[in-house]
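Fold and contact review
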Amino acid sequence: MNRDLRPGRPPLWLAAAAVAAAWAALYDIAVWMVLFVRQPVHPDFRIFYVAAEAGIRYGWASIYDVSVLRSLSSVFPAGQNYINSALPYIHPPILAWLIAPLTALPLPVAYALWSALLLAALVWAWYVAAPYSGLRKAVLLFLALALWPVLDSFYYGQPSTLTLALVAASWWLCSKDRPIAAGAALAFATVLKPHTVILVPLALAASGRFKPVLSWAAVCTLLVGAFALALGPTGIGNWWQALVYGQTDTGQALYTAAYVFGGGPVSYALEAVQGVAAIVIARRRRADLNVVFALGILGSLVFAFHLHQYDYIELILAAWLVLRTAPPLWHRLWLLAGAATLQTIALGLPLPQLIWDAGWLVILGVGGVAATREPTSGPGLQGRIAG
């Protein structure tokens, strides 16, 4: 008897994958800790912190006022106190509201607590959405922590894992037939990082799941109303100016089709075509909630004209959901290749990821075509109808 097949002992390939992924995850965690000790004031979180501080001190209309943010940043060490077009505060007010309680603490302590929250969000999303059990499920968490864009997300204090957890909550609530709560969770994800999830509601609508979409629209409307009341005309004007100022930095589009085709109609057309394709495929594969959510996430990213490397970690959730459908081996290998392309993003090389995204869209589309060609009779028919 092969010793690798003894009951209670994992196959050699699984054990090797677990060890490799665990060491890679530990490496990323160690790197983050070293960077924290060396530089406890990190760029993006510092902007979120001073924006929240501005709101508390001067009113929420001031959180997009570059001069106010520069003044509040002046107390930080040289090289960590600048505000420029690559680093303005352009997020919706809800992020500053979330950070506001932490401004009672010194920035390094606030940053450490925020990072702990972001890690907890990732672990929770993995717990509810990742497939498998035992060591196979653990490998997926180790692999996620080993990805450099995830490390970037923690390093900069970006709320990407929080958005991922909210979309995972929306998927989970949909799967439990709780569409109103699902739509609310998706609404909070949308107002937190709109460009990374914007097509998820459209994918749900295309699949015929209208209750969560209506809930999403209602909660988004309430949140936008709250933003307008908090900011007022002055704050809304400041927000618009901050967005215009931020877009003057060409790096905002580095990880989109503009990397290949430049900013202009060709890039926008390609992004639009891919976004529409994702919705069309979601309609074809509407019976599978996992694939519908995955297509909404993937479609949002290929549709976006403003992305950073850490925004791509939403694909982790999309991959987990597709793995729940038990795809064939070649499809799982494509997902594994996506882990490699995500690493190249952190090196400033987005082209492999752009190609991989388009390839995965084709794979999901072909899967939808194949499904429509399945026999309409046989033992699996009732299962497909029930799905």
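Rules and cut-offs
- Residues numbered from 1 in each chain as written.
- Predicted model: local features only at pLDDT ≥ 70, side-chain atom pairs only at ≥ 80, totals over all residues.
- Heavy atoms only, no water.
- Helix = DSSP H or I, 4+ residues; strand = E, 2+ residues; numbered from the N terminus.
- Contact = heavy atoms within 4.5 Å.
- Buried < 20%, exposed > 50% of the residue type's maximum accessible area, 1.4 Å probe, protein only.
- Phe/Tyr/Trp six-rings, centres within 6.5 Å; stacked < 30°, edge-to-face > 60°.
- Expected span 1.5 Å × (residues − 1).
- Bend = angle between axes of the 7 residues up to and from the residue.
- Patch = residues over 30% accessible without salt bridge, like charges linked within 9 Å, V, L, I, M, F, W, Y side chains within 5 Å.
- Areas by Shrake-Rupley, 256 points an atom, 1.4 Å probe, with all protein chains shown as cover.
- Salt bridge = Lys/Arg side-chain N within 4 Å of Asp/Glu carboxyl O.
- Axes fitted to C-alpha atoms, helices over the stretch in contact; angles between N-to-C directions.
- Parallel < 35°, antiparallel > 145°, perpendicular 65-115°, else oblique.
- Left-handed = near helix turned anticlockwise from the far one by under 90°.
- 1 Å grid on protein atoms, 1.4 Å probe; cavity = no way out; pocket = protein on both sides within 12 Å on 5 of 7 lines; lining within 4 Å.
- Points joined across faces, edges and corners; volume = space filled by probe spheres on them.
- Nonpolar A, V, L, I, M, F, W, Y, C, P; charged D, E, K, R; others polar.
- Arc of directions from axis to C-beta.
- Lys, Arg positive; Asp, Glu negative; His and termini not counted.
- Polar contact = N/O pair within 3.5 Å; in protein donor to acceptor, adjacent residues only side chain to side chain.

To continue, consider the environment of Leu307. As for its placement among the helices and strands, Leu307 is situated in the loop between α15 (289-303) and α16 (314-323). With 87 residues separating them in the primary sequence, Leu307 and Cys220 have C-alpha atoms 22 Å apart. In this view, Leu307 contacts His195, Gly251, Gln252, Tyr255, Thr256, Leu301 and Tyr312; residues no more than four positions away in its chain are not counted.

Here the focus is unusual backbone geometry. In this model, Asp177 sits at a positive phi of 60 degrees, which is unusual for a non-glycine residue. By the element assignment, Asp177 lies in the loop between α8 (160-175) and α9 (179-192). Positive phi values are uncommon outside glycine, yet Ala326 reaches one of about 55 degrees. As for its position among the elements, Ala326 is in the loop between α16 and α17 (329-346). Taking relative accessible area as the criterion, Ala326 reaches 65% and is therefore assigned exposed.

The way to describe two aromatic rings as a pair is by their centre distance and the angle between their planes. Counting across every chain of the model gives 15 aromatic pairs. The interplanar angle of 35 degrees and the centroid separation of 6.4 Å between the aromatic rings of Phe45 and Trp114 together place this pair among those described as tilted. Taken together, the positions of Phe45 in helix α2 (residues 43-58) and Trp114 in helix α5 (residues 107-129) put the pair 69 residues apart, joining distant regions of the chain. The residues Phe45 and Trp114 share a single accessibility class, namely buried.

Its location among the elements puts Thr161 in helix α8. Spatially, the C-alpha atom of Thr161 lies 10.0 Å from that of Ser115, the residues being 46 residues apart in sequence. The contact partners of Thr161, leaving out residues within four places of it in the chain, are Leu118, Ala121, Leu122, Ser153, Phe154 and Ile313.

Look at helix α12 (residues 210-247): only 34 Å from first C-alpha to last across 38 residues, short of the 56 Å you get at 1.5 Å a residue. If you look at α12, its biggest bend is around 100 degrees, right at Gly232, and the proline Pro233 turns up within four residues after that.

With that out of the way, let us pick up a nonpolar patch on the surface. Side chains of Tyr27, Trp148, Tyr259, Val260, Phe261, Val266, Leu270, Leu347, Leu349, Leu351 and Ile355 sit close together on the surface and give an oily, nonpolar patch of about 1000 Å² of accessible area. Mapped by element, the contributors of at least two residues to the nonpolar patch are α13 (258-261), α14 (265-284) and α18 (351-372). With three residues, the top contributor of residues to the nonpolar patch is α13. Looking at the element boundaries, Leu270 is found in helix α14.

With that settled, consider the packing of α9 against α12. The N-to-C vectors of α9 and α12 enclose an angle of 45 degrees; their axes lie 7 Å apart at closest approach. By the criterion of interaxial angle, the relationship of α9 to α12 is oblique. In this structure, α9 crosses over α12, and the sense of that crossing is right-handed. Facing Pro179, Ile180, Ala182, Gly183, Ala184, Leu186, Ala187, Phe188, Thr190 and Val191 of α9, the residues of α12 in contact are Lys211, Pro212, Ser215, Trp216, Val219, Cys220, Leu223 and Phe227.

So, on to the layout of surface pockets. Space inside the largest pocket adds up to approximately 950 Å³. Looking at the lining of the largest pocket, the elements with two or more residues in it are α2, α9, α10 (194-197) and α12. The dominant element in the lining of the largest pocket, judged by the number of residues it contributes, is α12, at five residues. Here the residues of the lining of the largest pocket are counted per class, giving 24 nonpolar, eleven polar and three charged. Put simply, the second largest pocket is a space of about 690 Å³. In this structure, the second largest pocket is lined by 25 residues; those nearest its centre are Leu140, Leu143, Leu323, Arg332 and Leu336. Residue assignment for the lining of the second largest pocket shows that the elements contributing at least two residues are α1 (12-38), α6 (134-146), α16 and α17.

What follows is about α14. Taking 1.5 Å of rise per residue, 20 residues should cover 28 Å, and α14 covers 28 Å from first to last C-alpha, within 8% of that figure. What α14 keeps buried is the set Ser267, Glu271, Gln274, Gly275, Ala278, Ile279, Ile281 and Ala282. Buried residues along α14 cover an arc of 165 degrees about the axis, so they all sit on one side. Facing away from the buried side of α14, by more than 90 degrees, are the exposed residues Pro265, Val266, Val273 and Val276.

This brings us to the side chain of Asp44. As for its placement among the helices and strands, Asp44 is situated in helix α2. Buried charge without a partner: Asp44 forms no salt bridge, and the closest opposite charge is Lys193, 7.3 Å away. At a separation of 2.6 Å, a polar atom in the side chain of Asp44 contacts the side chain of Gln158. In this structure the side chain of Asp44 is engaged in a polar contact, spanning 3.4 Å, whose partner is the side chain of Tyr310.

This part is about the packing of α8 against α15. Viewed as axis vectors pointing N to C, α8 and α15 meet at an angle of 155 degrees, and their least axial separation amounts to 11 Å. With respect to α15, the axis of α8 lies roughly antiparallel. Relative to α15, α8 is oriented so that their crossing is right-handed. Contact residues: α8 offers Val167, Ser170, Trp171, Cys174 and Ser175, while α15 offers Leu289, Asn290, Phe293 and Ile297. Residues of the contact of α8 with α15, tallied by class, amount to six nonpolar, three polar and no charged.

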